[in-house]
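These are the residues of each chain, in order.
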Amino acid sequence: MAVGEDAGLASAEAPGRHAVSVLLAFGKCLGALLPVYLAGYFGLSLCLVVLGLVVYLGWRQHRDGKQARLNTAMYVLENERDFTTNRLFRSRRDLPAWVNFPDVEKAEWINKILQQAWPFVGQYLEKLLVETIAPTIRTSSAHLQTFSFTKVDLGDKALKVVGVKAHTEHDKRQVLLDLYISYAGNVEINVEIKKYFCKAGVKGIQLYGKLRVILEPLIGDVPLVGAITMFFIQRPKLDINWTGLTNLLDIPGLNAMSDTMVMDAIASFLVLPNRLTVPLVADLHVAQLRSPLPRGIVRIHLVEAENLAAKDNFMKGVIAGKSDPYAMLRVGTQTFTSHHVDNNLNPQWREMYEVIVHEVPGQELEVEVFDKDPDQDDFLGRVKLDLGLVKKARVLEEWFTLKDAPSGKVHLRLEWLSLLPSAERLNEVLQKNQNLTVSSKTPDPPSAAILTVYLDRAQDLPMKKGNKDPSPMVQLSVQDTTKESRTVYGTNNPVWEDAFTFFIQDPRKQDLDIQVKDDDRSLTLGTLSIPLSRLLSSTELSMDQWFQLDSSGPASRIYMNVVLRVLWLNEEPTSPVSPDPSVPFPGEGEDDVITDVTHRGSTVSPTPTRPQHTSPDSSFGTEGVLRIHLVEAQNLVAKDSFMGGMVKGKSDPYVKIRVGGLTFKSRVIKENLNPVWNELYEVILTQLPGQEVQFDLYDKDMDQDDFLGRFKLSLSDLISAQYIDQWYTLNDIKSGRVHLMMEWLPKVSDPARLEQILQYQSQQSYVNKAVPSAAMLFIYMEQAHGLPLKKSGKEPTAGVELSLKNTSHRTKLANRSASPCWDEAFCFLIHDPREDIVTVKLSHGWGQPLGAVVLPVKEILAEQALVLDRWLTLDGALPESQILIRAELKLLDSKLAQCASGSNGTSEVEHVIPKAETVPATNQELRHRTVQGGGDAGDSGWGQVKLTIAYSTEENRLVIIIHACRNLPPCSKDGSDPYISFLLQPDKNRSTKRKTSIKKRDLNPEFNERFDFDLSLEEATQRRLDLSVKNSVSFMSRERELIGKLHLDLNQLDLKAGVSQWYDLTEETS
């Protein structure tokens, strides 16, 4: 019975379906004929009908092609094993996960994670769009009040990581990954504006590109990585299938425009020079990670071209003409266009351009040549070149054959300019630039330096009229170039964290002009002008500090890090250019990108030349030494007990010190709650944000050691203080404190200081028998030449091992070559430069010896600036076997050694480096020491303030640093909210009035704020400092506002030497 009913229903439904199909076919015919009927009815021209038909057919063909590409891509991703085995791939980047190459690794485990998590990514995206983005769009305009997302579906095709390439050879402080991503997804997102009956959406997206991920800085604490930075080196390829009203965007012409607009939005924050940075720890310079100093500058000389294709013709091709060529040059988002040369197939441009290079390998120079026409310019060919090749060659002058053209070559001269952190060669650079002949049609002269400004934040900007908060933005100008920061709305303490780069022609004559303005650009909130000549006398050509704003509030200031780098052209290549490419960098760039100079065709290799000197990275030799003197502890907790606790014992304390991934352990002192260790430790560290030195105390037991307390110190604070002699209170325990002496050792290149350093070293004695280091030795291993072959006759896989006493380091194993290149740096601690010897051994795979060289450190003492930089002949190898090495010696000139050598008595030493305070410090902060006088804290009853007052003869400025206050009296039961204001009298206009920030509920506040005054030394000595420590109170409050005052005549101080000390506060104003 049931079967009969089903058959009856099926037979009844069949005629219904047939009728619907007939109606649909009739509707389609009517829809196709309706435009023709309407055109005739209204008397429209037949041309309009034909034009509409052509547009429709073009749209249909383009859309069908796009859909076919999407279907093909999804099929390939689903059946890649069968597809790979049946067809030949043209590029390594398309290889599936089960095919491996040593340089690009397949990460199928990542794809499995992405596939598993993809539905939940879709749920998050739907929640984000519906609950956050849609309400924002609805409130943005009255026309969009009915806007809504009707469907959000990411589909079941997850993003795939086709391959991963790790670069670890560039910088030891970072991990650099290249992720080759591929996405061909059936995503569907539909939107609707009900008010206008408008529907639109996306159905299908293809995205392919190389995403670079940088994990830096590497730190010695969880999570090991300070931040994650990601970006596309080049624009990824994007293809979008539109639906609804946005179907119009698939019309040829509009389609390219729409995809370009989407790509511009992506490029604005994810394509170089833009980066997305996600900090993982606090106290990071996010702007410096988001916009680091460039790897270098490439100066491009567009010289000429020859044998270009003729594109102009007359009388429909009967008479052949020539071309009017011009060139477009691109590096990332930097684009330049040359002038065009009329009617010439062998044009000469003679133009020069300078481009910033952020990432090598990876970034490419693309040169496209066009024929200038009144309507649409004709394409004459292109050439692409990996800029990593320019970095290796330093100077590369070649004829490059144009691709995608029947004929033509272009002549380029490319120069790699390194960034020098000193001004020693500035005059030489300026002289070279004067001699450089540049075409008058090139708008800018050659640059001598680049200036990078890291704009961080401002404080206490003036209010707008009506006491309203401003919306500040900053305009930065150098000569005729002006750049603007983003606007921070509704605050007088804005945080921008932006970075800007300028090309500088002559830093001796140019200024950096800064204007802080409200967002309408009409109200100026403050100005500042910094002569770049000030940077030339600064350490490493940088100024990282607060700057006082002019034409602003009395306490208005701005914090910036201004960095200048001199552009130096080293015309000796770092390594020979490969005469014939084997395999191009896998997956990098397009298939026609030149990654090596070849002999094929008309591309000629330059003659390989051996460099005479090394070219290390700018970070070479920047490490420093932290010296830790563990002195003693007091009042530790007794952990040992006997007879079930009836008899109380003591403790057997020892200390663990953790810093920079290393751990030091002191000796155990038996049964002592006030142990004296007197032990010394030294560690080589790189100045990275977020690093800490951790001290843990334990009681040694037979089973498990008992915890006696801990504390941590910020490395950046230690570096700023240079020298610390202090007691530190233990945390997480009832009582106990530790006495430490720590110093971040200054590095000098003056050999005359060696005797005093060694003399001080010989006078020191420590229980752990440690000897203070006298110097640091930095060694840069660049390359070798003419190494012997293996016994089998093949080229060796060479590695270098460097040894100094019990310390040794190894390079990576280079690729098979008799002239390998390493480009690696190492450092050693040297105890006696007159006796220590470094041994350099080369071997094949750490087995077969390839030669060695012995380097006595005393030989470096005889070199100029204590730097040895040359080829050294290898012993036990071929006569021509040599190694190119740079050895740089830096003496560790401790302040204690300086005091010991310059003093005639004990009191003078103690004046410069004081003894430890008896007041214990908190665990997280570094208390400053009393340098002179001042008495005990709080003798006056109104507390004390610590100041540093000095006159900088280099900058012609008076500098006042307010460090801290201590033992301030409370102004209420909740304590006080102290801040400091001061004035330099006489000052009728009160232009020297300044104030610090407010510290909430703190009777021992630390400010560490610097204030600069443009005064001559004579003017400074005639001023009197009137300083007030105040309590921040409301207008109606009954609390006392004034806490204490200080009056100080500056003529009583030695301003040139500088004074840093505690001063008693008084209640009286006299």
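Sequence order sets the numbering: in each chain, residues are counted from 1 along the sequence as written. For this predicted model, a pLDDT threshold of at least 70 governs which residues receive local features, and a threshold of 80 or more governs which side-chain atom pairs are given and counted, while totals over whole chains, interfaces and linings are taken from all residues. With hydrogens and water stripped out, all remaining heavy atoms of the structure feed into the side-chain values.

Here the focus is the overall build of the protein chain. Strands are runs of DSSP state E lasting at least 2 residues, helices are runs of H or I lasting at least 4, and numbering of each runs from the N terminus. Looking only at helices and strands, the protein chain has 15 helices and 53 strands in total. Categorising residues by exposure relies on relative accessible area from a 1.4 Å probe, with only protein chains included: less than 20% of the type maximum marks a residue as buried, more than 50% marks it as exposed, and the intermediate range marks it as partly exposed. For the protein chain, buried positions account for 47% of its 1070 residues. In what follows, a contact means two residues having at least one pair of non-hydrogen atoms within 4.5 Å. Taking all contacts inside the protein chain whose residues are at least 6 apart in sequence as the whole, residues at least 24 apart take part in 65%. A total accessible area of about 53200 Å² is found for the protein chain, and carbon and sulfur atoms account for 53% of it. Computed with a 1.4 Å probe, the accessible areas rest on the Shrake-Rupley method; for each residue, only the protein chains presented here act as cover.

Next up on the list: the sheet that holds strand 35 (residues 723-729). Note on pairing: DSSP must find at least two bridges between two strands before they are called paired. Read from one edge to the other, the open sheet built from four strands follows the order 32-27-36-35, with strand pairing classed as antiparallel. The sheet is open, and its two edges are formed by strand 32 (676-685) and strand 35, each paired on a single side. The sheet shows a mean angle of 20° between the axes of neighbouring strands, taken without regard to direction. Axis definition: a line fitted to C-alpha atoms, limited for helices to the stretch in contact. Angles are taken between N-to-C directions and run from 0 to 180 degrees.

What makes a patch is a set of residues exposed beyond 30% relative accessible area and free of salt bridges, joined within 9 Å when like-charged and within 5 Å when nonpolar (Val, Leu, Ile, Met, Phe, Trp, Tyr). Salt bridges are defined by distance alone: a side-chain nitrogen of Lys or Arg within 4 Å of a carboxyl oxygen of Asp or Glu. Note that His is not counted, nor are the chain ends; the positive residues are Lys and Arg, and the negative ones are Asp and Glu. For this purpose, a charge sits on NZ of Lys, CZ of Arg, CG of Asp or CD of Glu. Among the surface-exposed residues, Glu 126, Glu 131, Asp 153 and Asp 156 lie close enough to one another that they form a single negatively charged patch. Turning to its location among the elements, Glu 126 is positioned in helix 4 (residues 108-140). With a relative accessible area of 38%, Glu 126 lands in the partly exposed category.

The next subject is the environment of Asp 156. Relative to the elements of secondary structure, Asp 156 occurs in the loop between strand 1 (147-153) and strand 2 (160-167). On the accessibility criterion, Asp 156 (47% relative accessible area) is partly exposed. For the pair Asp 156 and Val 187, spaced 31 residues apart in sequence, the C-alpha separation works out to 8.2 Å. If sequence neighbours within four positions are ignored, Asp 156 has contacts with Gln 115, Trp 118 and Asn 186. We define a polar contact as two N or O atoms separated by no more than 3.5 Å, with the added condition that, inside protein, one atom must be a possible hydrogen donor and the other a possible acceptor, whereas residues neighbouring each other in sequence contribute only through side-chain atom pairs. Only 3.0 Å separates the side chain of Asp 156 from the side chain of Asn 186, close enough to count as a polar contact.

As a further point, take the sheet that holds strand 48 (residues 978-985). Strand order in the open sheet formed by four strands is 49-48-51-52, with antiparallel pairing between adjacent strands. The sheet is open, and its two edges are formed by strand 49 (994-995) and strand 52 (1042-1049), each paired on a single side. As paired strands, strand 48 and strand 49 are joined by two bridges and run antiparallel to one another. Considered in strand 49, the bridge of Ser 981 is made with Lys 995.

With that settled, consider the packing of aromatic side chains. Whether two aromatic rings pair depends on their centres lying within 6.5 Å, for rings of Phe, Tyr and Trp, where Trp uses its six-membered ring; planes under 30 degrees apart make the pair stacked, over 60 edge-to-face, and the rest tilted. Scanning all chains against the criterion turns up 15 aromatic pairs. Look at Tyr 326 and Phe 370: their rings are 5.8 Å apart centre to centre, the planes differ by 25°, and that puts the pair in the stacked class. Residue Tyr 326 is found in strand 11 (residues 325-331), and its partner Phe 370 is found in strand 14 (residues 364-371); the two are separated by 44 residues along the sequence. We classify Tyr 326 as buried; its relative accessible area is 10%. Cation placement over rings: the criterion is NZ of Lys or CZ of Arg within 6 Å of the ring centroid and within 35° of the ring normal. The cationic tip of Lys 409 hangs over the ring face of Trp 399; the distance from NZ or CZ to the ring centre is 5.6 Å.

As a further point, take the side chain of Ser 323. You can see Ser 323 is positioned in the loop between strand 10 (319-320) and strand 11. What Ser 323 contacts, discounting residues up to four positions off in sequence, is Ala 309, Ala 310, Lys 311, Asp 312, Val 341, Asp 342, Asn 343, Asn 344, Leu 345, Asp 371 and Leu 380.

This part is about the pairing of strand 19 (residues 472-478). Within strand 19, seven of the seven residues are buried, leaving the element largely enclosed by the surrounding structure. Where burial is concerned, the two faces of strand 19 agree: the one with Pro 472, Val 474, Leu 476 and Val 478 and the one with Met 473, Gln 475 and Ser 477 are both buried. When strand 19 meets strand 22 (residues 511-518), the two strands line up antiparallel, connected through six bridges. Residue pairing across strands places Ser 477 opposite Asp 513, the latter belonging to strand 22. Bridge analysis of strand 19 against strand 20 (residues 481-484) gives four bridges, and the strand direction is antiparallel. Bridge pairing links Leu 476 to Lys 483 in strand 20. Hairpin connection of strand 19 to strand 20: two residues between the antiparallel strands, including Gln 479 at a positive phi of 60°.

Let us now look at the pattern of salt bridges. Where side chains of opposite charge bring their charged atoms close, a pairing between them can arise. By the definition in use, this model includes 41 salt bridges. Among the ionic pairs, Arg 413 bridges to Glu 397, the shortest N-O distance being 3.1 Å. Placement of Arg 413 in strand 17 (residues 409-420) and of Glu 397 in strand 16 (residues 395-401) is noted, with a sequence separation of 16 residues between them. A salt bridge links Arg 753 to Asp 893, with the shortest nitrogen-to-oxygen separation between them at 2.9 Å. Here Asp 893 lies in the loop between strand 45 (882-892) and helix 13 (895-902) and Arg 753 lies in the loop between strand 37 (747-748) and helix 11 (754-763), a separation of 140 residues in the sequence.

A cis geometry characterises the amide bond from Glu 216 onward to Pro 217, with omega recorded as -5°. Tracing the chain through its elements places Pro 217 in the loop between strand 4 (198-215) and strand 5 (227-232). Put simply, Gln 985 and Pro 986 share a cis peptide bond, and its omega is -5°. Within the secondary structure, Pro 986 is located in the loop between strand 48 and strand 49. Even without being glycine, Arg 350 reaches a positive phi, approximately 55°. Not every positive phi belongs to a glycine, and Asn 967 is a case in point at roughly 55°.

Turning our eyes to something else, we now look at the confidence of the model for the protein chain. Scored from 0 to 100, pLDDT records how confident the predictor is in each individual residue. For the protein chain, mean pLDDT is 79; residues scoring 70 or higher make up 78% of the total. When pLDDT is averaged over each element of the protein chain, strand 19 comes out on top at 94 and helix 14 (residues 906-912) at the bottom at 34. In this model residues 598-608 is a low-confidence stretch, pLDDT under 50, and it forms 25 contacts with partners more than four residues away in sequence or in other chains. Segment residues 903-939 is flagged for pLDDT under 50; beyond a separation of four residues in sequence, or across chains, it makes 89 contacts in the model.

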